[in-house]
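As a plain string of letters, each chain reads:
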Amino acid sequence: MIRIAPHQWTLALCALGFTAAAAAQTTQQASSAVTPTSNATPEPNYTLAYNIAGVTDYRYRGISQTRLNPTLQGGIDFNSKLGFYVGAWASGVKFIRDAGGDGSVEVDVYGGYKGTVGDFGYDVGVLHYQYPRNHLDPSANTTELYVGGSYQIFNLKYSHSVTNLFGFVDSKNSGYLDASATFDVGYGFTVVPHIGHQRVANNREFSYTDYSVAVNKDLYGLTLSASLVATSTSAYRGASDQNLGRTAVVVGVKKVF
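Residues numbered from 1 in each chain as written. Predicted model: local features only at pLDDT ≥ 70, side-chain atom pairs only at ≥ 80, totals over all residues. Heavy atoms only, no water.

Peer 1: Describe the nonpolar core, and please don't skip the residues or the numbers.
Peer 2: Side chains of a nonpolar character, in soluble globular proteins, are inclined to be buried together. One finds I96, Y131 and Y236 to be the most contacted residues of the largest nonpolar core, which totals 24 residues. Looking at this core, the elements that each hand over two or more residues are β5 (84-92), α1 (95-98) and β7 (120-130). Contact partners of I96, with chain neighbours within four places excluded, come to G101, D102, G103, Y131, N134, L136 and A140. (Core = buried A, V, L, I, M, F, W, Y, C linked by side-chain atoms within 4.5 Å. Buried < 20%, exposed > 50% of the residue type's maximum accessible area, 1.4 Å probe, protein only. Helix = DSSP H or I, 4+ residues; strand = E, 2+ residues; numbered from the N terminus. Contact = heavy atoms within 4.5 Å.)

Peer 1: So what's going on with the pairing of strand β4 (residues 71-80)? Which residues, and what values?
Peer 2: Sheet topology note: the strand β1 (residues 46-55)/β4 ladder contains 10 bridges and is antiparallel. Pairing of I52 across the sheet is with G74, part of β4. Sheet analysis places β4 next to β5, joined by 7 bridges and oriented antiparallel. For N79, the partnering residue across the bridge sits in β5 and is Y85. (Pairing = 2+ DSSP bridges.)

Peer 1: So what's going on with the environment of Y208? Which residues, and what values?
Peer 2: Structurally, Y208 can be placed in strand β13 (residues 208-219). Classification of Y208 as buried rests on a relative accessible area of 1%. Sequence separation between Y208 and G196 is 12 residues, and the spatial gap between their C-alpha atoms is 8.6 Å.

Peer 1: Explain the environment of D137 to me, and be specific about the residues and the numbers.
Peer 2: Within the secondary structure layout, D137 lies in the loop between β7 and β8 (142-151). Owing to a relative accessible area of 56%, D137 belongs among the exposed residues under this scheme. Considering only alpha carbons, one finds D137 and V169, 32 residues apart in sequence, at a separation of 8.5 Å.

Peer 1: Quick rundown of the packing of aromatic side chains? Include the residues and the values.
Peer 2: Applying the stated rule across the entire model yields 13 aromatic pairs. Considering the side-chain rings of Y113 and Y122, the 6.1 Å spacing of their centres and the 35° angle between planes classify their relative orientation as tilted. Geometrically, the ring pair formed by Y208 and Y236 is edge-to-face, given 5.5 Å between the ring centres and 70° between the ring planes. Here Y208, found in strand β13, pairs with Y236, found in the loop between β14 (222-231) and β15 (248-256); they are 28 residues apart in sequence, far enough to count as distant. Grouping aromatic residues by their ring pairs yields a cluster made of F168, F206, Y208 and Y236. (Phe/Tyr/Trp six-rings, centres within 6.5 Å; stacked < 30°, edge-to-face > 60°.)

Peer 1: Could you give me a rundown of the pattern of salt bridges, with the residues and numbers involved?
Peer 2: One pass over the structure, following the stated rule, counts 5 salt bridges. Across the salt bridge formed by E144 and R61, the nearest N and O atoms sit 2.9 Å from each other. With E144 in strand β8 and R61 in the loop between β2 (59-60) and β3 (63-64), this pair connects stretches of sequence that are 83 residues apart. Classification of E144 as buried rests on a relative accessible area of 1%. (Salt bridge = Lys/Arg side-chain N within 4 Å of Asp/Glu carboxyl O.)

Peer 1: Tell me what's going on with the side chain of S64, and back it up with residues and numbers.
Peer 2: Considering the arrangement of structural elements, one finds S64 in strand β3. We classify S64 as buried; its relative accessible area is 1%. Within the structure, S64 has its side chain in polar contact with the backbone nitrogen of T66 (distance 3.3 Å). Discounting chain neighbours no more than four positions away, the residues touching S64 are D57, Y58, R59 and L244. (Polar contact = N/O pair within 3.5 Å; in protein donor to acceptor, adjacent residues only side chain to side chain.)

Peer 1: Which residues make up the pairing of strand β11 (residues 183-186), and what are the values?
Peer 2: Examined bridge by bridge, β11 and strand β12 (residues 189-199) share 3 bridges and lie antiparallel to one another. Paired with F183 across the bridge in β12 is V191. Remark: 2 residues form the turn of the hairpin made by β11 and β12, two consecutive strands paired antiparallel; Y187 in that turn has positive phi of roughly 60°.

Peer 1: Pulling in residues and values, what's your account of unusual backbone geometry?
Peer 2: Of note, the amide linkage connecting D137 to P138 takes the cis form, showing an omega dihedral of 0°. Its location among the elements puts P138 in the loop between β7 and β8. With phi around 55°, R133 is a residue other than glycine that occupies positive phi space. Topologically, R133 is positioned in the loop between β7 and β8. A positive phi angle, near 65°, is found at D241, a position not held by glycine. Residue position: D241 is located in the loop between β14 and β15.

Shown next, in the form of structure tokens:
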């Protein structure tokens, strides 16, 4: 008998990028031409970025992790120009206590390698979800391996659990497949449709499909987002019997430093 109301994780509401360009100027004299000197800055060996966000509901794979309530989130990312990366991210959660455990924080640690082959991009890595002192049996702590591919505006990713999945009994080898696209519609707006399917091994009644459409806007160094989120399940319930997968609009704001 399953002892906890398992969870799937959010979101990925927002994406933020910057492009820098350098210009060279050529000066000509009447008697001779002067060869311009490039002032372009060499590509750094690595970048380090921080982010902080607030959301009206932490949805992961369509399921609320915060009992349909707001929370704060933040993270740090290290990226090497060789393609290797590592990072950490944290968020408030409520499902652990709803399940009879302790703790109210999720901490994710991840690392991998990304690169390109022609017009195609790829990304492989490992992600560990840690819920400090969750005291659940089985533990909610989960490790997944993932592989992703991209082409132009399209993305496809598969994640595979090598442990029990978020506290489900005997759920090792569960998998999540998701597809998305990012449409730049101008004026700093992007529209990101998404569909995913979560298969929970040996717990078929908790497998489901999730859907979302996010609208993101870059404004004064912030990324604002609004996402319409829906799922095909009502099996995930909160402490007051809320349907944690119900259709809702989730609003967020994110800052990257």
